[in-house]
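# Descriptive analysis of the structure
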Number of protein chains: 2
Amino acid sequence: MKISELEKRTGINAHTLRYYEKSGLLKASMRSVNNYRIYSEDDLITALFIKRCKECGFSLAQTAALLAIKHDKSLHVCAEAKSITESKLQEISQQIEQLQQMEGTLTELQAYCCGGQESAEFCTIISTLEAGK
Amino acid sequence: MKISELEKRTGINAHTLRYYEKSGLLKASMRSVNNYRIYSEDDLITALFIKRCKECGFSLAQTAALLAIKHDKSLHVCAEAKSITESKLQEISQQIEQLQQMEGTLTELQAYCCGGQESAEFCTIISTLEAGK
DNA sequence: GTTGACCTTAGATGTAGCTCTAAGGTTTAT
DNA sequence: ATAAACCTTAGAGCTACATCTAAGGTCAAC
Ligand SMILES: [Zn+2]
Ligand SMILES: [Zn+2]
Ligand SMILES: [Zn+2]
Ligand SMILES: [Zn+2]
């Protein structure tokens, strides 16, 4: 299939697919006589693999590492795959923690603000940001 | 105080302080005869306000809006401040939700992976990413 | 009187992951 | 035959927020 069909079947933008090729993630397995990229069914599977990696939050570098394992499973061990997912999990839980902290601060910040049309002179949002803690 | 002292007292990099000035967030209230930036105590308060906004996750544009309210409270109303915090809160809870989804997927992904030195041929992490759902 | 710490500016660079443009060649349908 | 829809490349642009560089001016201490 040509690039636009792969785009349709994966939902990945053709520009992005070319970018993935340049990044070493997904190379079309053939070229037509006109130099068009021709993707195989295996390429489609790889593209979907990449998409799922993205949905899990993996960076392109991590995705590349996972792809390398996928492409040559016998040369790799479980520990490699698990260390990638574990570091990602750790990163994610850190981010969640940070966001929850922000959420708490913000909720507190606006808890006593009326949110109405009255002057902001006594707005707790502003005064709390001013005062700090 | 000069820029390096403000840097010390706020923990905000001097480059960043200049950047904030260029972005319209924080202008030194004076210049010395040598054209050095001279910051007042009020400027210090503003810098700390900016820092707290950053800790809450506000973008520079949102921070600028909050600063405008702070600087002229009587011209603004609570509704303005609250709409900023509310949109930020919504954004944050969306991000948290997304991250928790990833966290769940990743946890499931690696639940059955031994993580050991055996071949990745039957690694559930890789096979789950391949299979999708 | 020179070394080193400080200050200025404009503008370049970095991050990550795309997204788009320009300029041109090819294919398909009417 | 010609228009629309596809394809190619190299490289620019985008976001958000800094961070750094180059080239130069100023200041205080020993
Ligand atoms: Zn109010
Ligand atoms: Zn209020
Ligand atoms: Zn295993
Ligand atoms: Zn495994």
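Residues numbered from 1 in each chain as written. Chains lettered and ligands numbered in written order. Predicted model: local features only at pLDDT ≥ 70, side-chain atom pairs only at ≥ 80, totals over all residues. Heavy atoms only, no water.

### Some thoughts on the coordination of the zinc ion (ligand 1)
We count it as follows: Note on donors: an N, O or S atom is included if it sits within 2.8 Å of the metal, or within 3.2 Å for Na, K and Ca, and water is never included, so sites can look incomplete. Strands here are runs of E lasting at least two residues and helices are runs of H or I lasting at least four, both read from the DSSP assignment and numbered beginning at the N terminus. Buried means the residue's accessible area, taken with a 1.4 Å probe over protein chains only, is under 20% of the maximum for its type, while exposed means over 50%, and partly exposed covers the values in between.
Coordination of the zinc ion (ligand 1) by the protein comes from Cys-114 of chain A (SG) and Cys-78 of chain B (SG), over a distance range of 2.2 Å. A separation of 3.6 Å is found between the zinc ion (ligand 1) and the zinc ion (ligand 2), which are bridged by Cys-78 of chain B. Of this pair, Cys-114 of chain A sits in the loop between helix H5 (78-111) and helix H6 (124-131) while Cys-78 of chain B is found in helix H5 (residues 78-111), placing the two residues in two different chains. Judged by its relative accessible area of 46%, Cys-114 of chain A falls in the partly exposed class.

### Side note on the coordination of the zinc ion (ligand 4)
At this site the zinc ion (ligand 4) is bound by Cys-78 of chain A (SG), Cys-113 of chain B (SG) and Cys-123 of chain B (SG), with donor distances of 2.2 to 2.4 Å. Metal-to-metal, the separation of the zinc ion (ligand 4) and the zinc ion (ligand 3) is 3.6 Å; Cys-78 of chain A coordinates the two. Separated by 10 residues along the polypeptide, Cys-113 of chain B in the loop between H5 and helix H6 (124-131) and Cys-123 of chain B in the loop between H5 and H6 bring together distant segments of the chain. Each member of the pair, Cys-113 of chain B together with Cys-123 of chain B, is buried.

### Describing the protein's contact with DNA strand C
What counts here: Here a residue is near a molecule or strand as soon as one of its heavy atoms is found within 4 Å of it. Each polar contact in these results corresponds to two N or O atoms within 3.5 Å; when the atoms are within protein, one needs to be able to donate a hydrogen and the other to accept it, and residues that are neighboring in sequence are counted only if both atoms are side-chain atoms. Think of it as three bins: nonpolar holds Ala, Val, Leu, Ile, Met, Phe, Trp, Tyr, Cys and Pro, charged holds Asp, Glu, Lys and Arg, and polar takes everything else, Gly as well.
Residues in contact with DNA strand C amount to 17 residues; listed here are only the nearest, His-15, Asn-34 and Lys-54 of chain A together with Ser-4 and Arg-37 of chain B. Here the atoms of DNA strand C within 4 Å of the protein split so that 72% fall in sugar or phosphate, with bases taking the remainder. In this structure, a phosphate oxygen belonging to DNA strand C sits 3.0 Å away from a side-chain N or O atom of Tyr-20 of chain A. Contact between DNA strand C and Arg-18 of chain B: a phosphate oxygen at 3.0 Å from a side-chain N or O atom of the residue. Listed by contribution, the elements that provide at least two residues to the surface near DNA strand C are helix H2 (14-22) of chain A together with helix H1 (3-10) of chain B. Residue contributions to the surface near DNA strand C peak at 4 residues, all from H2 of chain A. When its residues are assigned to classes, the surface near DNA strand C shows 6 nonpolar, 6 polar and 5 charged.

### Observations concerning the UniProt feature "domain: HTH merR-type" (unreviewed entry) in chain A
Which entries qualify depends on this criterion: UniProt positions are given in the numbering used here, feature names are shortened, and annotations may be inferred rather than shown by experiment.
Following the UniProt record, one finds the feature "domain: HTH merR-type" (unreviewed entry) at residues 1-69 of chain A. Taken end to end, residues 1-69 of chain A is 61% helix and 6% strand, and its first and last C-alpha atoms sit 25 Å apart.

### A word on the domain arrangement of chain A
When the parts of a complex come together, some accessible area is lost, and that lost area is often taken as the interface size. Residues and elements named next belong to chain A. Counted only if it meets this: As used throughout, domain bounds are those supplied by an automatic or database domain assignment. Any two residues whose heavy atoms approach within 4.5 Å are treated as being in contact. The term buried area refers to how much accessible surface (probe radius 1.4 Å) is lost by two components on association, counted for both of them together.
By the assigned domains, chain A splits into domain 1 (1-76) and domain 2 (79-133). Once you take the C-alpha centre of each, domain 1 and domain 2 turn out to be 37 Å apart. Counting residues at the interface gives 9 residues for domain 1 and 7 residues for domain 2. With both chains or domains summed, domain 1 and domain 2 bury close to 600 Å², and 65% of this area falls on carbon and sulfur atoms.

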